[in-house]
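Spelled out from the first residue to the last, the chains are:
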Amino acid sequence: VQLQASGGGLVQVGGSLRLTCAASGRLGADVMAWHRQAPGKQREFLASVSSGGTINYADSVKDRFTISRNNAINTMYLQMNGLKPEDTAVYYCNIRRRVTPQYEAWGQGTQITVSS
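Here's a quick rundown of the structure. The model shown is predicted, which means the values in this text are computed figures rather than measured ones.

Right, let's get into the pattern of salt bridges. For the coordinates displayed, the defined rule picks out five salt bridges. A salt bridge links Arg36 to Glu44, with the shortest nitrogen-to-oxygen separation between them at 2.8 Å. By relative accessible area, Arg36 is classed as buried at 8%. Since its relative accessible area comes to 28%, Glu44 is described here as partly exposed. Between Asp87 and Arg36 there is a salt bridge; the shortest N-O distance is 2.8 Å. Here the residue Asp87 occupies a position in the loop between β8 (75-80) and β9 (89-97), and Arg36 occupies one in strand β4 (residues 31-37), the gap between them amounting to 51 residues. Salt bridges sharing partners connect three or more residues here, namely Arg36, Glu44, Arg64 and Asp87.

Shown next, in the form of structure tokens:
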């Protein structure tokens, strides 16, 4: 399984961006998620969505970010609104399946910079 993330860039405070994560390979029931890592900080969980539609958010983004998934095309999205300078980070997508056949993969990361 491989992931390809896209959609990052430079945006002004209060702006919006949508990230896309496309998965390739043979998928089953699994969970896709977005994480981010700011300079000098640990990687942080943002949101996850299962293939069955269960969604979870970190408290820090639940009022501004929306995760979604289209199983038909193996693609996950993260709609980000009201962006703040502290949202500046490299954003990574992840997919994992913990039952046989197990798999886990990370996307290559996409940079988001929020300017004030």
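So, about the state of the cysteines. Disulfide: a covalent bond connecting the sulfur atoms of a pair of cysteines. Summed over all chains, the structure comprises one disulfide. Across a sulfur-sulfur distance of 2.2 Å, Cys21 and Cys93 are joined as a disulfide pair. Residues Cys21 and Cys93 are joined through a disulfide that is right-handed, its torsion about the S-S bond being 70°. You can see Cys21 sitting in strand β3 (residues 17-24) and its partner Cys93 sitting in strand β9, a full 72 residues away along the chain. For the pair Cys21 and Cys93, a shared accessibility class is recorded, and that class is buried.

Cut-off values and rules
- Residues numbered from 1 in each chain as written.
- Predicted model: local features only at pLDDT ≥ 70, side-chain atom pairs only at ≥ 80, totals over all residues.
- Heavy atoms only, no water.
- Salt bridge = Lys/Arg side-chain N within 4 Å of Asp/Glu carboxyl O.
- Buried < 20%, exposed > 50% of the residue type's maximum accessible area, 1.4 Å probe, protein only.
- Helix = DSSP H or I, 4+ residues; strand = E, 2+ residues; numbered from the N terminus.
- Disulfide = S-S within 2.5 Å.

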